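# Architecture at a glance
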Amino acid sequence: MSFNRSIKIAPSILSADFADFGREIQAIEAEGADWVHVDVMDGHFVPNLTFGPPAVKAFRPHVKTFMDVHLMIAPVDPYIEAYAEAGADMITAHLEAGPHIHRTLQAIKATGKMAGVSLNPGTPPESIEYLLDLVDMVLVMSVNPGFGGQKFIPSAVDKVAKVREMIGDREIHIQVDGGVDPNTVGALAKAGADCFVAGSAVFRGGSVGNPAPYGENIRAIRSAAEKALGE
Ligand code: DX5
Ligand code: ZN
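Cut-offs and rules
Residues numbered from 1 in each chain as written. Chains lettered and ligands numbered in written order. Predicted model: local features only at pLDDT ≥ 70, side-chain atom pairs only at ≥ 80, totals over all residues. Heavy atoms only, no water. Buried < 20%, exposed > 50% of the residue type's maximum accessible area, 1.4 Å probe, protein only. Helix = DSSP H or I, 4+ residues; strand = E, 2+ residues; numbered from the N terminus. Right-handed = clockwise from strand over helix to strand, strands pointing away. Pairing = 2+ DSSP bridges. Near = heavy atom within 4 Å. Polar contact = N/O pair within 3.5 Å; in protein donor to acceptor, adjacent residues only side chain to side chain. Areas by Shrake-Rupley, 256 points an atom, 1.4 Å probe, with all protein chains shown as cover. Phe/Tyr/Trp six-rings, centres within 6.5 Å; stacked < 30°, edge-to-face > 60°. Salt bridge = Lys/Arg side-chain N within 4 Å of Asp/Glu carboxyl O.

In this section: the pairing of strand β4 (residues 90–94). Among the five residues of β4, five are classified as buried, and the element is accordingly described as predominantly covered. Note that the unit made of strand β3 (residues 67–72), helix α3 (residues 80–85) and β4 has a crossover that is right-handed. Both β4 and strand β5 (residues 114–119) contribute to a ladder of five bridges, which runs parallel. Among the inter-strand pairings, T92 is bridged to a residue of β5, identified as G116.

For the rest of this paragraph, the subject is the site of ligand 1. In the vicinity of ligand 1, 20 residues are found, and the nearest of them are D39, G146, D177, G199 and S200. With respect to ligand 1, the side chain of D39 contributes an N or O atom lying 2.6 Å from an oxygen atom. Within the backbone of G149, one N or O atom sits 2.8 Å away from an oxygen atom of ligand 1. When the free accessible area of ligand 1 is taken as 380 Å², the share hidden by the protein chains comes to 99%. Listed by contribution, the elements that provide at least two residues to the shell around ligand 1 are β2 (36–41), β3 and β8 (195–198).

Here we take up the pairing of β3. Most of β3 sits out of view: six of its six residues are buried. Covered by surrounding structure in β3 are M67, V69 and L71 together with D68, H70 and M72, the residues of both alternating faces. The sheet contact formed by β2 and β3 spans six bridges and is parallel. From the neighbouring strand, V40 faces β3, where its bridge partner is L71.

Our next topic: the packing of aromatic side chains. The tally for this structure, following the rule as stated, stands at seven aromatic pairs. Ring geometry for F18 against F51: centres 5.5 Å apart, planes inclined by 35°, an arrangement best described as tilted. Separated by 33 residues along the polypeptide, F18 in the loop between β1 (8–11) and α1 (21–30) and F51 in the loop between β2 and α2 (53–59) bring together distant segments of the chain. Ring centres of F203 and Y214 lie 5.0 Å apart, and the angle between their planes is 65°; this geometry places the pair in the edge-to-face category. Here F203, found in helix α7 (residues 200–203), pairs with Y214, found in helix α8 (residues 212–228); they are eleven residues apart in sequence, far enough to count as distant. For Y214, a relative accessible area of 1% translates into the label buried.

It is worth spelling out the pattern of salt bridges at this point. For the structure shown, the criterion picks out eight salt bridges. Among the salt bridges present, the one from R23 reaches D20, with a minimum N-O distance of 2.9 Å. Notably, a salt bridge pairs R170 with D133, separated by 3.2 Å at the nearest N-O pair. Placement of the pair is R170 in the loop between α5 (155–167) and β7 (173–177) and D133 in the loop between β5 and β6 (137–141), with a sequence separation of 37 residues. Residue R170 is classed as partly exposed on the basis of its relative accessible area of 31%. Connected through salt bridges with shared partners, the residues R5, K8 and D194 form a single ionic network.

Here it is in structure tokens:
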């Protein structure tokens, strides 16, 4: 994948129909999703449980775009290999998930996959200073991870701006996750984020039998971001 900062919308399948992931993934891609965001939760690092490696492996053949796997698990290191083998294109780990995030990112890179580092809302942006040469993406959480449909935390905008400044001309994506919708996306895009995860704001109003609302929702988020950038 060649690097660029164009706006990317990454629907989170946490808001999809859990009995129909294959068709849900096909529907969001047909309706304009750029990436597919997979939220992995362990009931320990975050208070919710979702997808093990076999589930992610079952999603893989349906994903024609880019599979972005967000690991909200601790420990992380014992499972990196399994999620890489399951077919992730990018693996993102949380800075807060253990004492050795540098080692974790090295382990992700060693699998040949792209590596992301994620920051919870309470974690300062300066904490990634010595990680920047190891990552392909910084994920700024704009809710406390664990559930879809939560209220956007506005301090994420300032954090994105600080991360953008730290990145300089390095080829590193900035992703935002949590409460992203047409109302919140503009300020985030202006601050320098290029990849937007959205669960409820993409899936609301639609279904595999009626996927047109997915497309309308994706276009509404994308156009609000582009408008804020003056594009
Ligand atoms: C939160 C997850 C998000 C979540 C976003 O723990 O990482 O990806 O699904 O959901 P919305 O867009 O509904 O806030
Ligand atoms: Zn996520």
